[in-house]
There are 2 protein chains.
Amino acid sequence: MTLENYLPIWDELTKEQQDMITSQSMQKRLEKGTCLLSNDKECHGFLIVETGQLRAYITSPEGREITIYRLFERDICLFSASCMMKNIQFEVSITAEQDTQVWVIPAPVYQSIMNSSLAVTRFTNELMASRFTDVMWVMEQVLWNSMDKRLATFLLEESTIEETDTLHMTHEQIASHLGSAREVVTRLLKSLQEEGMVRLSRGTIQILDYEKLRSLAD
Amino acid sequence: MTLENYLPIWDELTKEQQDMITSQSMQKRLEKGTCLLSNDKECHGFLIVETGQLRAYITSPEGREITIYRLFERDICLFSASCMMKNIQFEVSITAEQDTQVWVIPAPVYQSIMNSSLAVTRFTNELMASRFTDVMWVMEQVLWNSMDKRLATFLLEESTIEETDTLHMTHEQIASHLGSAREVVTRLLKSLQEEGMVRLSRGTIQILDYEKLRSLAD
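About the cut-offs
- Residues numbered from 1 in each chain as written.
- Chains lettered and ligands numbered in written order.
- Predicted model: local features only at pLDDT ≥ 70, side-chain atom pairs only at ≥ 80, totals over all residues.
- Helix = DSSP H or I, 4+ residues; strand = E, 2+ residues; numbered from the N terminus.
- Buried ≥ 20, exposed ≤ 12 C-beta atoms within 10 Å, placed from the backbone.
- Contact = placed C-beta atoms within 7 Å.
- Domains from an automatic or database assignment.
- Nonpolar A, V, L, I, M, F, W, Y, C, P; charged D, E, K, R; others polar.
- Pairing = 2+ DSSP bridges.
- Axes fitted to C-alpha atoms, helices over the stretch in contact; angles between N-to-C directions.
- Least-squares fit on C-alpha atoms with pLDDT ≥ 70 in both.

S.K.: Is there a simple way to think about the overall build of chain A in this case?
M.R.: Counting its regular elements, chain A contains 7 helices and 11 strands. Projected onto the principal axes, the alpha-carbon positions of chain A cover approximately 60 × 35 × 30 Å. Here chain A holds 218 residues, and the buried ones make up 33% of them. Put simply, of all contacts in chain A between residues at least 6 apart along the chain, 68% involve residues at least 24 apart.

S.K.: How should the domain arrangement of chain A be read in this particular structure?
M.R.: Interface size is commonly expressed as the accessible surface area that is lost when the partners come together. Residues and elements named next belong to chain A. Taken domain by domain, chain A consists of domain 1 (3–143) and domain 2 (145–217). Relative placement of domain 1 and domain 2: their C-alpha centres are 29 Å apart. Counting from both sides, the interface comprises 6 residues of domain 1 and, opposite them, 6 residues of domain 2. No other element matches the 3 residues that strand β5 (residues 65–71) contributes to the side of domain 1 that touches domain 2. When grouped by side-chain class, the residues that make up the side of domain 1 that touches domain 2 number 2 nonpolar, 2 polar and 2 charged.

S.K.: What exactly am I supposed to notice about the interface of chain B and chain A here?
M.R.: Each side of the interface is counted separately: chain B has 30 residues, and chain A has 30 residues. Top element by residues in the side of chain B that touches chain A is helix α3 (residues 118–144) of chain B. It accounts for 18 residues.

S.K.: How should the sheet that holds strand β11 (residues 204–207) of chain A be read in this particular structure?
M.R.: Strand-to-strand pairing in sheets goes through backbone hydrogen bonds, with the strands running parallel or antiparallel. Residues and elements named next belong to chain A. The 3 strands lie next to each other as β9-β11-β10, forming an open sheet whose pairing is antiparallel. Where the open sheet ends on each side, the last strands, each with one partner, are β9 (166–168) and β10 (198–201). Direction aside, neighbouring strands of the sheet carry axes that sit 20° apart on average. Sheet topology places β10 next to β11; 4 bridges connect them, and they run antiparallel. Bridged to S201 within β11 is T204. Strand contacts of helix α6 (residues 182–194): β10 and β11, with the helix running at about 125° to β10, the strand carrying the most contacts.

S.K.: Any chance you could explain the relation of the copies chain B and chain A here in plain terms?
M.R.: Both copies of the chain are related through a single rotation about an axis accompanied by a shift along the same axis. Note on the copies: chain B fits chain A at an RMSD of 0.0 Å, the axial shift is 0.0 Å, and the rotation between them is 180°. The relationship between the two copies is best expressed as a two-fold rotation axis. Both copies contact each other with a shared surface, as 100% of the interface residues of chain B are interface residues in chain A too.

Put into structure tokens, the structure is as follows:
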């Protein structure tokens, strides 16, 4: 598929803008685990996920992490271009959770088109609103939900994404998704196991009782 | 002062757009305590604070609150117009913390100009990025800082805003700013009092030791 299939506003661009994007964008392969963006003001440009999966997260001064959203096929990564956006004064890190193929529209190209195209600026606005909505969801989870509910929600989500009942994740990784500490996750997982909802073994968590897990999550 | 003094992009508007805004906007007085926006999808339009102070917050299903940002003179309230913004899928409540005078640009007027003006769409984008940054700051506070640090930060902030060392606030109000429970705030305030940082009396909190409070906050 070509880049235009991934950009919903393609038809609202001028021929010149389309040509500029086509000639200057490139495909890039990110191996699983690649850290695309860390807290150092890099500006990779505007990324569109072709295949794979990216995780956006923030990090505490002590190195704790919390996932703020994930990007899948056709999703667009705005914060890899946050240098272009006035008033964005926070740092988001992004890593590839799977081998990931992306389209990269370099920052200066996107910036130049945004400066002249109402459609692109409006589109950027809508993307930011989507990510803002994602972050507000996480914030509400953190504020109003207990960690056992959040863990249950996360396990169900992960099972849907991976399309399996057996998750290959360490307790440390789960803690980094939820902004928690490994020991807390381990303790809660053990209590879920005691209640028959999951079975834990080295490096895997198998979901045994979806219904019970769902009723905990709600 | 007229409306144009409050809109940094005034000069980028066409004469027609300026006339449309001038003729259809109005000034509105909000008494202290007025709830401008609750969780019911009202769409007041684009608000600009002339004098006074607004508080934006989110609410849990059980009625707990947390302040996500505050708006002062010349600040612009974006979420009072969130009906105009595609992909904003969360609810923000707004109340007047002081008697507040605002300019209101009705939603259809702003929407119509945003649909044709790159400058206005870009400006909206920058406003959203500012509010996004505010929310990320709150999220980091909630995630990585203990409640006693956050309380100290809040008391210092409030003292700066009110320009006094004696704050007239209930523990309940402070809890609603911080997304906490009244009992937690009461317990922490008592411990600050024991350490000589504040003096508590009925309905007031007097800051006695700014330096000590600052070193707790940092």
